[in-house]
Amino acid sequence: MISIVLPAFNEQKYIKRCLDSLKHQKTKRIFEIVVVDNNSSDKTAEIVTLYLKKLPLRLVHESSQGIDAARTRGFDEARGDIIARIDADCIAPEDWIEKIGANFDNKIDGLCGNFNYYDAPWIITTIMKFFHFISMRTLLGHEVMLGYNCALRKKMWVKIRPLVIKKHVQMHEDILLGTYIHKNGILHLDMNLVMNTS
């Protein structure tokens, strides 16, 4: 099973589109969605509850504020052997889950994907792709994991969790996650695994 973790903090503007895109996935793979409400004060949780009968979805609440805490709670709650991440402002292509599953049919431990900005000029997307996939990759020495379009095996999460939550270095949580996956297994980049984001 693939567990899709969606951290959310005051995302009433975006989260409906994200959940709709997950509802329209074309795949026979079994999946669940874990929405982690991180102390939202708007209608985020209320909107999510409307999808409880439309999707294989669970809504959990994380009181410790921040993306690190929300991500960790979601990963810990995941019941699948593969954990995928998506953000509330994302619109997943209809083959997103299927492509994740196909990648993990191979011997990999972590997966990085590509992106398109749906609300920015193409030149911005081009510049950011150069930054992430060339500059950052050169700097880090491995593929760059983007929090809104990535996945890993649950057993890898269990292995690196103590290192990730201890956070020895100041680094974005998704990049740090990718770094520890690279150090402990195989981190793969699929440029055809595209996420539409803002």
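What this report covers is the structure whose coordinates are included nearby.

Reading the values: the criteria
Residues numbered from 1 in each chain as written. Predicted model: local features only at pLDDT ≥ 70, side-chain atom pairs only at ≥ 80, totals over all residues. Heavy atoms only, no water. Helix = DSSP H or I, 4+ residues; strand = E, 2+ residues; numbered from the N terminus. Rg over C-alpha atoms; globule rule 2.2 N^0.38 Å. Buried < 20%, exposed > 50% of the residue type's maximum accessible area, 1.4 Å probe, protein only. Contact = heavy atoms within 4.5 Å. Axes fitted to C-alpha atoms, helices over the stretch in contact; angles between N-to-C directions. Parallel < 35°, antiparallel > 145°, perpendicular 65-115°, else oblique. Left-handed = near helix turned anticlockwise from the far one by under 90°. Nonpolar A, V, L, I, M, F, W, Y, C, P; charged D, E, K, R; others polar. Lys, Arg positive; Asp, Glu negative; His and termini not counted. Salt bridge = Lys/Arg side-chain N within 4 Å of Asp/Glu carboxyl O. Polar contact = N/O pair within 3.5 Å; in protein donor to acceptor, adjacent residues only side chain to side chain. Pairing = 2+ DSSP bridges.

### Here's the deal with the overall build of the protein
Looking only at helices and strands, the protein features seven helices and seven strands. Its helices and strands taken in sequence order, the protein reads β-α-β-α-β-α-β-α-β-α-β-α-α-β from the N to the C terminus. In terms of C-alpha radius of gyration, the protein reaches 16 Å, essentially the compact-globule figure of 16 Å for 198 residues. When its C-alpha atoms are laid out on the principal axes, the protein stretches across 45 × 40 × 35 Å. The buried share of the protein, taken over its 198 residues, is 52%. Restricting to contacts in the protein with at least 6 residues of sequence separation, those with at least 24 account for 79%.

### Considering the packing of helix H3 (residues 67-77) against helix H6 (residues 154-166)
For the pair H3 and H6, interaxial distance at closest approach is 11 Å and the crossing angle is 150°. In terms of orientation, H3 and H6 fall into the roughly antiparallel class. The handedness of the crossing between H3 and H6 comes out as left-handed. Contacts between H3 and H6 involve Arg71, Thr72, Phe75 and Asp76 on the former and, on the latter, Lys154, Trp157, Arg161, Val164 and Ile165. Counted by class, the contact of H3 with H6 contains four nonpolar, one polar and four charged residues.

### Observations regarding the side chain of Lys154
Tracing the sequence through the fold places Lys154 in helix H6. The buried charged residue Lys154 lacks any salt bridge, with Asp76 as its nearest oppositely charged partner at 6.1 Å. Within polar-contact distance, the side chain of Lys154 engages the backbone oxygen of Ala78 at 2.6 Å. Once you skip the residues sitting within four places of it in the chain, Lys154 turns out to touch Phe75, Asp76, Ala78, Gly80, Asp81, Ile82 and Ile83.

### A word on the side chain of Asp109
For Asp109, the location among the structural elements is in the loop between helix H4 (96-103) and strand E5 (110-117). No salt bridge forms around the buried Asp109; measuring N to O, its nearest opposite-charge neighbour Arg153 is 4.5 Å away. Side-chain polar atoms of Asp109 contact the backbone nitrogen of Ile186, separated by 2.7 Å. Sequence-distant contacts of Asp109, defined by excluding residues within four places in its chain, comprise Phe104, Leu152, Arg153, Met156, Ile181, Gly185 and Ile186.

### Here we look at the sheet that holds strand E7 (residues 187-197)
Ordered by their spatial adjacency, seven strands build an open sheet running E3-E2-E1-E4-E6-E5-E7, and the pairing between neighbours is mixed. Only two strands of the sheet have a single partner each, and these edge strands are strand E3 (57-61) and E7. Each strand of the sheet is rotated relative to its neighbour by a mean of 20°, with strand direction disregarded. Both strand E1 (residues 2-8) and strand E2 (residues 31-37) contribute to a ladder of seven bridges, which runs parallel. When the bridges of E2 are listed, Pro7 appears paired with Val36. In the packing of helix H1 (residues 15-23) onto the sheet, contacts are made with E1, E2 and E3, and the angle to E1 comes to roughly 175°. Contacts from H6 reach strand E4 (82-85) and strand E6 (150-153), with the element oriented near 85° to E6.

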